[in-house]
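# Coordinates in review
So the chains spell out like this:
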Amino acid sequence: MRSMKMPTVRYQNGDMVMGRWPGSNLYYEVKVLDFDAKSSLYTVIYKDGTELELKEQDMKNASGFQTRSRSRSRSPGRRRSQSRSPARTTRRSSSRMAAAVTTAAITDGVTSSRKDTRLKDSLEIRLSPLKSEAAVEVGPDKTQGRYNLRRRKDDGDAKPVETKPKQLGEKDAKLAAAPAASLATPLDFGGKIGAYFWLLFLPAWVLFLVLQVNLEDPSLTNFPPPLPALEAFWDAQALGFVILWILFQALLYILPVGKLSEGVPLRSGKKLKYRTNGFCAVAVSSLAVAAAVHQGVDLTYIHSHFLQLTAASFLVAVLLSVYLYVRSQYAAGEQLALGGSSGNVAYDFFKGHELNPRIKEFDLKFFCEMRPGLIGWCLINFAMALAEMKQQGLDAPSYSMILVNLFQLLYVVDGLWNEEAILTTMDLMHDGFGFMLAFGDLVWVPFTYTLQAYYLVSHPNHLSLPAVAAIVTLKLVGFYIFRKSNSEKNAFRRNPSDPKLSHLQIIPTATGKSLLVSGWWGVVRHPNYLGDLLMALAWSLPCGFSHLLPWYYMIYFIILLVHRDARDMSECRRKYGSAWDEYCRTVRYRIIPRVY
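In this text, all values refer to a predicted model and were calculated from it rather than measured experimentally. (Residues numbered from 1 in each chain as written. Predicted model: local features only at pLDDT ≥ 70, side-chain atom pairs only at ≥ 80, totals over all residues. Heavy atoms only, no water.)

### Structural notes on the overall build of the chain
This is how the line gets drawn: Working definition: helices are DSSP H or I runs of at least four residues, strands are E runs of at least two. Numbering for both runs from the N terminus. Note on exposure labels: buried denotes an accessible area under 20% of the residue type's maximum, exposed denotes more than 50%, and partly exposed covers the range between, all computed with a 1.4 Å probe on protein chains only. Only heavy atoms enter the contact rule, under which two residues are in contact if any of them lie within 4.5 Å. Only the protein chains shown count as cover for residues, and the accessible areas themselves come from Shrake-Rupley with a 1.4 Å probe.
Each helix and strand in the chain was counted, giving 18 helices and 13 strands. Sorting the 596 residues of the chain into buried and exposed places 50% on the buried side. Intrachain contacts of the chain at a sequence separation of at least 6 include 74% that bridge at least 24 residues. Of the roughly 29,900 Å² of accessible surface on the chain, 60% is carried by carbon and sulfur atoms.

In structure tokens form, the structure reads like this:
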């Protein structure tokens, strides 16, 4: 038999070494308990009793480290409380508070003692990587791996106890802002090289879709579509129409009506306020469009100048992105997006350098995310219905066109009615505002999500009443799942201790956050994606099966789901460790089969 070569064990059981806390650049003294040859991970224990599995590259010999203390005259042995562990802090350690905020996956938490260990498995522990003696900070490590947090054996079962994290004082928040902004985060979308690709590919792809759907036979066998003359892309009236529409939506946004909602806390501890009057905006926009049609305005102009309107919106998105990147160079460190601070111009321009760019109280990202493109989507669909009637000689739109319009209108109106929920999404909480979101909001959404309606103008598809009923049922089921699951998620993110959510089951994690494993989120992972998928199917079915192009959104959404699922699995496993493994064992069903 071939002999198996055992890996070299650098640290032995009982050795005292310095171990890096997951997700941070801070090292603490730990004791080696065991080494797993199969996974090449060391099991270590911190002074507060927390056990983690670390890679060898995240461990260093204690010799050679220079620890920092607050006073030269006070040794660790003479400190006021020798029993303080990484999970305990003092009010006087504001500089250590600042260092704690730089740990992306850790929040301030509760005290830990020998008495607490009896309930270690049932309590939700909010750990802070601060030790009573000293903390050693080193440069960024690009090789973050998987970490497992092992709960200690319990003496009985108990219901998870929620504990609120300590709030940073104003002085501590200011001190924390600068270190937090300097954290390096993994680059996505292919990194720096990928940014160049997406900056070129996204506009080219939208151009292909617009030109292809305008063909008499939009079959992919006719690829590539003929490229029109350069002057065909420019129309001053189309640019004026786009600018006027954006200004009209901006006026509705600043109206002092509707709820003034608070966003989630920023790294500085501050909460921004948002005017969530989106439903009012779509209602007023509908009345304005109806009045314009009554006065004889020909909205079929949108169909006949679809290419020019797309080019004009692209121009506005590019100019906005340039403005956003230039102004971000003068923004304070605490105002920058961690994911858009790579130092590479192309990547930061694409991903977004500043997190929440504002002109006084006018939030540019929130406005673009919810107003001109989203409401413009409905306007374009309505114009396509009028164009179908005109081109096909109909007295009313076809059943297929009516279904596409109503389904997508319901989706938009629901989003604007629940506008406050977007404040807890990744786009608003973590992504900077750059070309990616500006292009997506102003070009991608209004000019690719309307492809079904555009297709039906020249390619009508007759539907029987039973087919209509079946498609409507599918849409309603998808919408119900989508809305209920998103409402659960939003309510839980905003206030996990809400008595109305006391029936929900959770899995505590070492970061201080909890994983929801009941309600719709206990049935299947990402149930909101399931609802989205069913609704996307209902949007595409009215177009029939003659061509692949109207099924573009369905195909695009599946690809997006695969990307998000892979990203979420990797990020959550890195962030939550063994708690995520337990979540995966608890919630086994997936929307997308594992293909990575």
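### Comments concerning the pattern of salt bridges
Put simply, the test is: In the sections that follow, a salt bridge refers to a side-chain nitrogen of Lys or Arg positioned within 4 Å of a carboxyl oxygen of Asp or Glu.
In the structure shown here, the tally under the stated rule is 11 salt bridges. The residue Lys390 makes a salt bridge to Asp298 at a minimum N-O spacing of 3.7 Å. Residue Lys390 is found in helix H10 (residues 372–392), and its partner Asp298 is found in the loop between helix H5 (278–294) and helix H6 (301–304); the two are separated by 92 residues along the sequence. Note on Lys390: relative accessible area 58%, which makes it exposed.

### Description of the packing of helix H17 (residues 552–576) against helix H18 (residues 578–586)
Convention followed: Where helices are involved, their axes are fitted lines through C-alpha atoms of the stretch in contact, as for all axes, and angles between N-to-C directions lie from 0 to 180°. Each angle receives one of four descriptions, namely roughly parallel if under 35 degrees, roughly antiparallel if over 145, roughly perpendicular if within 65 to 115, and oblique otherwise.
In contact at an axis separation of 6 Å, H17 and H18 are set at 130° when each is read in the N-to-C sense. Here H18 runs oblique to H17, going by the angle between their axes. Judged by residue contacts, Met569, Cys572, Arg573 and Tyr576 of H17 engage Ser578, Ala579, Trp580, Asp581 and Cys584 from H18.

### Details of the UniProt feature "transmembrane region" (unreviewed entry) in the chain
Note the cut-off: UniProt positions are given in the numbering used here, feature names are shortened, and annotations may be inferred rather than shown by experiment.
Within the UniProt annotation, "transmembrane region" (unreviewed entry) is assigned to residues 195–213, 233–255, 276–294, 306–326, 437–457, 463–482, 503–524 and 536–562. The annotated region residues 276–294 carries 89% helix and 5% strand content, and the separation between its end C-alpha atoms amounts to 29 Å. Across residues 437–457, the secondary structure splits into 90% helix and 0% strand, with the terminal C-alpha atoms separated by 29 Å.

### Quick notes on unusual backbone geometry
Backbone torsion omega between Phe223 and Pro224 reads 0°, so that peptide bond is classified as cis. On the secondary structure map, Pro224 appears in the loop between helix H3 (191–213) and helix H4 (236–254). We note that Lys360 has phi near 60°; this positive angle belongs to a residue other than glycine. Mapped onto the fold, Lys360 is located in the loop between strand E10 (358–359) and strand E11 (362–363). Owing to a relative accessible area of 78%, Lys360 belongs among the exposed residues under this scheme. Although it is not a glycine, His526 adopts a positive phi angle of roughly 55°. Tracing the chain through its elements places His526 in the loop between strand E13 (514–516) and helix H16 (527–540).

### A look at a nonpolar patch on the surface
Worth spelling out the cut-off: In this analysis, a patch consists of residues with relative accessible area above 30% that form no salt bridge, clustered at 9 Å for like charges and at 5 Å for the nonpolar side chains Val, Leu, Ile, Met, Phe, Trp and Tyr.
Taken together, the side chains of Tyr399, Ile402, Leu406, Leu409 and Leu465 present a nonpolar region at the surface, about 470 Å² in accessible area. Tallying contributions element by element places helix H11 (residues 399–417) first for the nonpolar patch, with 4 residues. Within the secondary structure, Leu406 sits in helix H11.

### Brief notes about the side chain of Asn528
For Asn528, the location among the structural elements is in helix H16. With a relative accessible area of 7%, Asn528 lands in the buried category. The contacts of Asn528, once residues within four sequence positions are left out, are Phe482, Ser485, Asn486, Lys489 and Trp521.

### With respect to the packing of H4 against H5
Put simply, the rule is: Crossing handedness: left-handed means the near helix sits turned counterclockwise from the far one by under a right angle, and right-handed means the same turn made clockwise.
Remark: H4 packs on H5, axes separated minimally by 10 Å, with the N-to-C direction vectors making an angle of 135°. With respect to each other, H4 and H5 are oriented oblique. In this structure, H4 crosses over H5, and the sense of that crossing is right-handed. The residues of H5 that touch H4, namely those facing Trp245, Phe248, Gln249 and Leu252, are Ala281, Val284, Ser285 and Ala288.

### Some words on the packing of aromatic side chains
For clarity, the threshold we go by: Planes of paired rings set the category: under 30 degrees apart is stacked, over 60 is edge-to-face and the rest tilted, where pairs are Phe, Tyr or Trp rings (Trp by its six-membered ring) whose centres lie within 6.5 Å.
By the definition in use, this model includes 39 aromatic pairs. Aromatic pair Trp245 and Phe248: ring centres 6.2 Å apart, planes at 50°, arrangement tilted. Highlighted residues: Trp245 and Phe248, both in helix H4, separated by 3 residues, approximately one helical turn. Residue classification places Trp245 among the buried positions, given a relative accessible area of 14%. Plain terms: the ring middles of Trp377 and Trp539 are 5.7 Å apart, the flat faces sit at 75° to each other, and that makes the pair edge-to-face. Of this pair, Trp377 sits in helix H10 while Trp539 sits in helix H16; the two residues are 162 residues apart in sequence, bridging distant segments of the chain.

### Topic: the environment of Cys280
Secondary-structure assignment places Cys280 in helix H5. Placed 25 residues apart in sequence, Cys280 and Leu255 show a C-alpha to C-alpha distance of 9.7 Å.

### Comments concerning the nonpolar core
One broad trend across soluble globular proteins is that nonpolar side chains are buried collectively. Our working rule: The definition of a nonpolar core used throughout is a set of buried Ala, Val, Leu, Ile, Met, Phe, Trp, Tyr and Cys residues joined through side-chain atoms within 4.5 Å. Here the limits of each domain have been adopted from an automatic or database domain assignment.
One finds Phe366, Trp377, Met384 and Phe433 to be the most contacted residues of the largest nonpolar core, which totals 100 residues. Taken together, domain 3 (199–224 + 233–460) and domain 4 (463–596) each give at least three residues to this core, which thus spans both. Non-local contacts of Met384, meaning those with residues more than four positions away in its chain, are made with His303, Phe306, Met401, Ala453, Tyr454 and Val457. Residues Val30, Tyr42, Leu54 and Met59 belong to the second largest nonpolar core, which totals 14 residues.

### Considerations on the pairing of strand E3 (residues 41–45)
The criterion, for reference: At least two bridges found by DSSP between two strands are what make those strands a pair.
Of all the 5 residues making up E3, 5 are buried; the element is thus mostly covered by neighbouring parts of the structure. Where burial is concerned, the two faces of E3 agree: the one with Leu41, Thr43 and Ile45 and the one with Tyr42 and Val44 are both buried. In this sheet, E3 lies alongside strand E2 (residues 26–36) in antiparallel orientation, the contact comprising 5 bridges. From the neighbouring strand, Val32 faces E3, where its bridge partner is Val44. In terms of strand pairing, E3 meets strand E4 (residues 51–55) through 5 bridges, oriented antiparallel. Across the sheet, the residue bridging to Ile45 is Glu51, located in E4.

### Some words on the confidence of the model for the chain
Spelled out, the test is: Confidence scores here are pLDDT values: one per residue, from the predictor, ranging 0 to 100.
For the chain, the average pLDDT comes to 78, and 77% of its residues sit at 70 or higher. Across the chain, the secondary-structure element scoring lowest on mean pLDDT is strand E6 (residues 136–137), at 34, and the one scoring highest is helix H7 (residues 306–328), at 97.

### Observations regarding the pairing of E2
The sheet contact formed by strand E1 (residues 16–20) and E2 spans 5 bridges and is antiparallel. From the neighbouring strand, Arg20 faces E2, where its bridge partner is Tyr27. Connecting E2 to the antiparallel partner E3 that follows it, the hairpin turn spans 4 residues, and Ser40 within it adopts a positive phi of roughly 60°.

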